[in-house]
Amino acid sequence: MEYNVKIDAFEGPLDLLLHLINSLEIDIYDIPVSEITEQYLLYIHTMKVLELDVASEYLVMAATLLAIKSKMLLPKHEEEFDNQEIEFEEEDPRDELVERLIEYRKYKEAAQELKQREEDRGKMYTKPPSDLSQYSDEQANERLDPNVTVYDMLGAFHKLLRRKKLQKPVSTKISRQEIPIEQRMDEIVNLLKKTKQRKAFSALFPYEDREHIVVSFLAVLELMKRNKIIVDQEHNFQEIYVQSAEEVGLVGSY
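These numbers were taken from a predicted model, which means no experiment stands behind them. (Residues numbered from 1 in each chain as written. Predicted model: local features only at pLDDT ≥ 70, side-chain atom pairs only at ≥ 80, totals over all residues. Heavy atoms only, no water.)

Considering the packing of helix α7 (residues 181-195) against helix α8 (residues 210-225)
Consideration 1: Remark: α7 packs on α8, axes separated minimally by 9 Å, with the N-to-C direction vectors making an angle of 70°. Viewed along their axes, α7 and α8 adopt a mutual orientation that is roughly perpendicular. When α7 is examined against α8, the residues Ile 181, Arg 184, Met 185, Ile 188 and Val 189 are found in contact with a partner set consisting of His 212, Val 215, Ser 216, Leu 218, Ala 219, Val 220, Glu 222 and Leu 223.
Consideration 2: Residues that form the contact of α7 with α8 fall into these classes: 9 nonpolar, 2 polar and 2 charged. (Axes fitted to C-alpha atoms, helices over the stretch in contact; angles between N-to-C directions. Helix = DSSP H or I, 4+ residues; strand = E, 2+ residues; numbered from the N terminus. Parallel < 35°, antiparallel > 145°, perpendicular 65-115°, else oblique. Contact = heavy atoms within 4.5 Å. Nonpolar A, V, L, I, M, F, W, Y, C, P; charged D, E, K, R; others polar.)

A look at the sheet that holds strand β5 (residues 241-244)
Consideration 1: If you trace the 3 strands from one edge of the open sheet to the other, you get β3-β5-β4, paired in antiparallel fashion. Both edges of this open sheet fall to β3 (199-200) and β4 (229-232), since each of them pairs with a single strand only.
Consideration 2: As judged from the 2 bridges shared by β3 and β5, these two strands associate in the antiparallel manner. In the strand pairing of β5, Lys 199 is matched with Val 242. (Pairing = 2+ DSSP bridges.)

A word on α8
Consideration 1: Over its 16 residues, α8 runs 23 Å from end to end, which matches the ideal 22 Å to within 8%, given 1.5 Å per residue.
Consideration 2: Across the 16 residues of α8, 13 count as buried, placing the element largely inside the fold.
Consideration 3: Two residues or fewer past α8, Asn 227 is found with a positive phi of approximately 60°. (Expected span 1.5 Å × (residues − 1). Buried < 20%, exposed > 50% of the residue type's maximum accessible area, 1.4 Å probe, protein only.)

Quick look at the pairing of β5
Consideration 1: Inspection of the sheet shows β4 paired to β5 by 4 bridges, in the antiparallel sense. Pairing of Ile 229 across the sheet is with Ser 244, part of β5.

Structure below.
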């Protein structure tokens with residue numbers, strides 16, 4: 001029985017490239033194609049490990065990056081006129097991609113600004129002030145500002161796979177046992193409620209069984225989507241922590 005997951009946070013290959021550029025602190029006007037291509041293909045590989053359907057646009061972008069990388073490796077064209085070597089100024093193969101990224105970033109920032117304005121407008125009421133302390137927790141609302149994206153979760157999942165050495169094929173005979181996604185979600189929620197404090201993301205994967213790890217990761221993503229858990233990360237590339245939404249005053253629904 002296959003469990004297909006559709007994640008709204010995947011906004012396309014340009015969104016993934018911007019995430020990589022920001023995470024690696026790369027100058028968007030001088031993109032190191034070799035490095036960015038390697039990281040991009042790493043994320044595509046991680047998606048396939050999770051058996052997620054990789055949209056064709058992601059594969060097209062991968063092919064585009066490889067094509068640009070190949071052109072960057074070609075020697076510059078030179079011709080000789082009257083015993084003088086003249087080097088022609090050729091177009092940078094990255095120019096078109098940079099223009100698309102800059103244009104996409106403008107629209108993304110504009111969309112975020114409009115969303116922020118919508119949220120601010122939604123907080124305005126035409127009635128006398130009321131005591132709403134029983135309905136909202138200021139501290140909880142601050143914690144609900146998500147600073148962890150799906151791409152961050154994919155990166156953490158890849159580190160987990162590498163740490164447990166699951167990328168290398170292991171020759172063994174195992175008895176396959178299906179793990180229902182809903183059951184694993186209940187187990188994670190109950191564990192977080194029992195501990196009553198946030199736990200490290202890696203602590204949610206106690207077993208080295210590949211199927212158990214993949215199902216656990218998908219369960220975490222689904223719980224995030226349903227607002228049953230809160231995920232936060234203090235700084236880039238540091239440990240990601242998971243906490244029950246009940247501990248910060250927000251409870252989602254199944």
